[in-house]
Amino acid sequence: NLLNILFGIFLCLTILFILSGGRNYLKLYKELHEFIDVYDTISNEYNGKVDKTDLIQTAIDSVINEVGDVYTTYSNADETQTFFENLEGTYEGIGCLISMNENGSIYIVEVFEGTPAEEAKLAVGDIVLEIDGIDYTNKTSDEMAKYVKEEAKDEIFMKIKRGEQQIAVTIVRDTVEVSNVSGELIEKDDIKIGYIDIAVFAATSSVQFKNELKKLEKEGIKGLIIDV
């Protein structure tokens, strides 16, 4: 029986060690017990409203800033997902860039060419009022992006405000290619120079570069500037 108990304890500790990724949480607790005590006191006993997520994020930011290295950063789950989307060059969505205006409303900043958003005739400046019957006037652009990319069905029903008019729009979600390469024709002293800007080296960047180069070559360029 004693051997069985010892074996059970060893097995449990082994499983905990594997699940922790090899971290020594007992050692970490000893090092962080003051912070844990302060966090617990503030989050549970402070006479006022506190956002626990903001408390933790501020603590993380402080740790990163204390390192003093501009190349040491922290990305949360949403930021990490966006980073990998940029590397892959594609994502599931509707193909528009959104932001928040001074009134706290979500509005369309840019509509990407050849995307469901362009097909649905979304326009720059459109204000998002509803998505699939959900009021988005008090939500953030991050919440909208997360819903459209991860939670929405294949077909999205949006209500937007354009000027003084409210418009109902139906958009079909699809695979959207992120535009990481842009080209421009520069003319100086009757000489045509091509300019290509590569924002990110993604999986789709080489094809986009070739397409931009072909467009510029048709213009009869005599030289090329590549900005990486």
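Predicted model, so just to flag it, every value in this text is computed and none were measured. (Residues numbered from 1 in each chain as written. Predicted model: local features only at pLDDT ≥ 70, side-chain atom pairs only at ≥ 80, totals over all residues. Heavy atoms only, no water.)

Q: What is the right way to read the overall build of the protein chain from this model?
A: Counting secondary structure elements, the protein chain contains 7 helices and 11 strands. Counting every position in the protein chain, which comprises 228 residues, the buried fraction comes to 21%. In the protein chain, the proportion of contacts linking residues at least 24 apart, taken out of those at least 6 apart, comes to 51%. Of the roughly 16,500 Å² that the protein chain leaves accessible, carbon and sulfur atoms contribute 55%. (Helix = DSSP H or I, 4+ residues; strand = E, 2+ residues; numbered from the N terminus. Buried < 20%, exposed > 50% of the residue type's maximum accessible area, 1.4 Å probe, protein only. Contact = heavy atoms within 4.5 Å. Areas by Shrake-Rupley, 256 points an atom, 1.4 Å probe, with all protein chains shown as cover.)

Q: Is there a simple way to explain the sheet that holds strand β11 (residues 223-227) in this structure?
A: Each strand in a sheet pairs with another by means of backbone hydrogen bonds, the pair being arranged parallel or else antiparallel. Spatially, β9-β10-β11 is the arrangement adopted by the 3 strands of the open sheet, whose pairing is mixed. Across the chains shown, the open sheet's two edge strands, defined by having one partner strand only, are β9 (181-188) and β11. Averaged over all pairs of adjacent strands, the angle between strand axes in this sheet comes to 20 degrees, irrespective of strand direction. The sheet contact formed by β9 and strand β10 (residues 191-198) spans 8 bridges and is antiparallel. If you follow K188 over to β10, its bridge partner there is I191. Packed onto the sheet, helix α7 (residues 205-218) meets β9, β10 and β11 and runs at close to 25 degrees relative to β9. (Pairing = 2+ DSSP bridges. Axes fitted to C-alpha atoms, helices over the stretch in contact; angles between N-to-C directions.)

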